[in-house]
Amino acid sequence: GGIVYPLQWLALLPRMAVACEEGDAAAMVSLAGRLLDPGQQRLRRSLERALENVGSAAGDADGVLEAGRAALLEARGLGLL
């Protein structure tokens, strides 16, 4: 097996911000899913809910981007970005 690295949010949140700026809804859904992976460090519940909203909007690019902006705003408010 590979190395278990539970702190991937350190890289995934900035990647999600870039995907949001680029309007890449598919990448945002993928990154949100990776951030919520049970093998990852738990994030604040408010941020987890915001990331769940990104996944729930899959298939609706505008909805994903809107939910993604809200999740990134939440992450910034928590000092994670």
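On a predicted model such as this, the values are computed, not experimentally measured, just so you know.

1. Comments concerning the overall build of the protein
Item 1. When helices and strands are tallied, the protein shows four helices and zero strands.
Item 2. Taken from N to C terminus, the helices and strands of the protein fall in the order α-α-α-α.
Item 3. Relative to its length of 81 residues, the protein is compact, with a C-alpha radius of gyration of 12 Å against a globular reference of 12 Å.
Item 4. By principal-axis analysis of the C-alpha atoms, the protein measures approximately 35 × 30 × 20 Å.
Item 5. A separation threshold of at least 6 residues defines the contact pool for the protein, and within that pool the share at least 24 residues apart is 56%.

2. Some words on a nonpolar patch on the surface
Item 1. Together, Ile-3, Tyr-5, Leu-7 and Leu-10 make up a nonpolar patch on the protein surface, roughly 430 Å² of accessible area in all.
Item 2. On the secondary structure map, Tyr-5 appears in the segment before helix H1 (9-22).

How each quantity is defined
- Residues numbered from 1 in each chain as written.
- Predicted model: local features only at pLDDT ≥ 70, side-chain atom pairs only at ≥ 80, totals over all residues.
- Heavy atoms only, no water.
- Helix = DSSP H or I, 4+ residues; strand = E, 2+ residues; numbered from the N terminus.
- Rg over C-alpha atoms; globule rule 2.2 N^0.38 Å.
- Contact = heavy atoms within 4.5 Å.
- Patch = residues over 30% accessible without salt bridge, like charges linked within 9 Å, V, L, I, M, F, W, Y side chains within 5 Å.
- Areas by Shrake-Rupley, 256 points an atom, 1.4 Å probe, with all protein chains shown as cover.
- Salt bridge = Lys/Arg side-chain N within 4 Å of Asp/Glu carboxyl O.

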